[in-house]
Amino acid sequence: MNTAEYSGNDPIIIQQVNNSGVRTGSVRDAVESYGDMLFRLCLIMLRNHADAEDAVQETFIKYMQKAPNFTDSEHEKAWLLKVAANKCRDLIRYRSRHFTEPEEVLGNIPALDREDSHILEALMELPEKFRLALTLHYVEEYKVEEIAQLIGKSPSAVKMRLSKGRKLLEEKYRKEYL
């Protein structure tokens, strides 16, 4: 059940309340804790700043609508990552059916040094299944087993995606930037 608290000029804070009436967290806390991480994931998957913002926003809208109960913060984080990845896939499917203008993504990310921006460019050119596995493992520091649960694949499939993704990333990087 959702409850909304609003007093005067304070921002609206949506809190999750479980069946026994105990508050389990707020959307504001989730946005502050996971917003940047979700945006990075969405930006890498979608390669478009505006679409990444939309996917993150839709993820938090679903968070407010569903008000799921989580066993701990890792469960909450995993749920948000899974929903964000699914929102990104939905947008990718939509874009495959409708033309959209490409956007220069890397110009919108502040404080990237030249080498990091080349690696990110090469990463963004990889197929989505490899981008997602590499991002979750190396950027968000998830273990193979955790990634397997998030994407619904076996740990050996995740290991193969990481291995092949690293090889593809290395080939792309060497070909384009060295």
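These figures come from a predicted structure and were not determined experimentally.

**Quick look at the packing of helix H1 (residues 27–46) against helix H3 (residues 73–97)**
Then, in step 1: Close contact between H1 and H3 brings their axes to 10 Å; oriented N to C, the two are set at 35 degrees. Every pair of crossing elements has a handedness; the one defined by H1 and H3 is right-handed. Note on element contacts: H3 touches H1 through Ser 73, Glu 76, Lys 77, Leu 80, Leu 81, Ala 84, Ala 85, Cys 88, Arg 89, Leu 91, Ile 92 and Arg 95, opposite Ala 30, Tyr 34, Met 37, Leu 38, Leu 41, Cys 42, Met 45 and Leu 46.
Then, in step 2: Its residues assigned to classes, the contact of H1 with H3 comprises 15 nonpolar, one polar and four charged.

**Looking at the side chain of Arg 161**
Then, in step 1: Its place among the elements puts Arg 161 in helix H7 (residues 155–177).
Then, in step 2: Look at Arg 161: it is buried, it has no salt bridge, and the nearest opposite charge is Glu 128 at 6.5 Å.
Then, in step 3: Those residues within four positions of Arg 161 in sequence are excluded, and the remaining contacts are Lys 129, Phe 130, Ala 133, Ile 151 and Lys 153.

**Things to note about the packing of aromatic side chains**
Then, in step 1: Summed over all chains, the structure comprises four aromatic pairs.
Then, in step 2: Both rings, one in Phe 60 and one in Tyr 63, keep their centres 6.4 Å apart while their planes meet at 80 degrees; by these two values the pair is edge-to-face. Highlighted residues: Phe 60 and Tyr 63, both in helix H2 (residues 49–66), separated by three residues, approximately one helical turn.
Then, in step 3: Taking relative accessible area as the criterion, Phe 60 reaches 8% and is therefore assigned buried.

**Things to note about unusual backbone geometry**
Then, in step 1: Located in the positive-phi region is Arg 47, a residue other than glycine, with phi close to 60 degrees.
Then, in step 2: Looking at where Arg 47 falls in the secondary structure, it is placed in the loop between H1 and H2.

**Notes on the nonpolar core**
Then, in step 1: Membership of the largest hydrophobic core comes to 43 residues, with the highest contact counts inside it found for Leu 38, Cys 42, Leu 81 and Leu 136.
Then, in step 2: For this core, the secondary-structure elements that each account for two or more residues are H1, H2, H3, helix H4 (114–124), helix H5 (128–139), helix H6 (144–151) and H7.
Then, in step 3: Residue contributions to this core peak at 11 residues, all from H1.
Then, in step 4: With residues near it in sequence (within four places) discarded, Cys 42 still touches Arg 47, Ala 52, Ala 55, Val 56, Ala 84 and Cys 88.

**Considerations on the environment of Arg 174**
Then, in step 1: Mapped onto the fold, Arg 174 is located in helix H7.
Then, in step 2: With a relative accessible area of 49%, Arg 174 lands in the partly exposed category.
Then, in step 3: Residues Arg 174 and Ile 119, spaced 55 residues apart in sequence, show a C-alpha to C-alpha distance of 9.9 Å.

**Considerations on the state of the cysteines**
Then, in step 1: By the definition in use, this model includes zero disulfides.
Then, in step 2: Free cysteine Cys 42: the closest other cysteine sulfur is in Cys 88, separated by 3.3 Å.
Then, in step 3: Under the relative-accessibility criterion, Cys 42 is labelled buried at 0%.
Then, in step 4: Cys 88 gets classed as buried once you look at its relative accessible area, which sits at 0%.

**Some points on H6**
Then, in step 1: Taken as a whole, H6 has its buried residues at Val 144, Ile 147, Ala 148, Leu 150 and Ile 151. The arc enclosing the buried residues of H6, seen along the axis, measures out at 165 degrees, which places them on a common side.
Then, in step 2: Its buried side turned inward, H6 meets H3, H5 and H7.
Then, in step 3: One or two residues past the end of H6 sits Gly 152, with phi positive at roughly 75 degrees.

So, how was this worked out
- Residues numbered from 1 in each chain as written.
- Predicted model: local features only at pLDDT ≥ 70, side-chain atom pairs only at ≥ 80, totals over all residues.
- Heavy atoms only, no water.
- Axes fitted to C-alpha atoms, helices over the stretch in contact; angles between N-to-C directions.
- Helix = DSSP H or I, 4+ residues; strand = E, 2+ residues; numbered from the N terminus.
- Left-handed = near helix turned anticlockwise from the far one by under 90°.
- Contact = heavy atoms within 4.5 Å.
- Nonpolar A, V, L, I, M, F, W, Y, C, P; charged D, E, K, R; others polar.
- Buried < 20%, exposed > 50% of the residue type's maximum accessible area, 1.4 Å probe, protein only.
- Lys, Arg positive; Asp, Glu negative; His and termini not counted.
- Salt bridge = Lys/Arg side-chain N within 4 Å of Asp/Glu carboxyl O.
- Phe/Tyr/Trp six-rings, centres within 6.5 Å; stacked < 30°, edge-to-face > 60°.
- Core = buried A, V, L, I, M, F, W, Y, C linked by side-chain atoms within 4.5 Å.
- Disulfide = S-S within 2.5 Å.
- Arc of directions from axis to C-beta.

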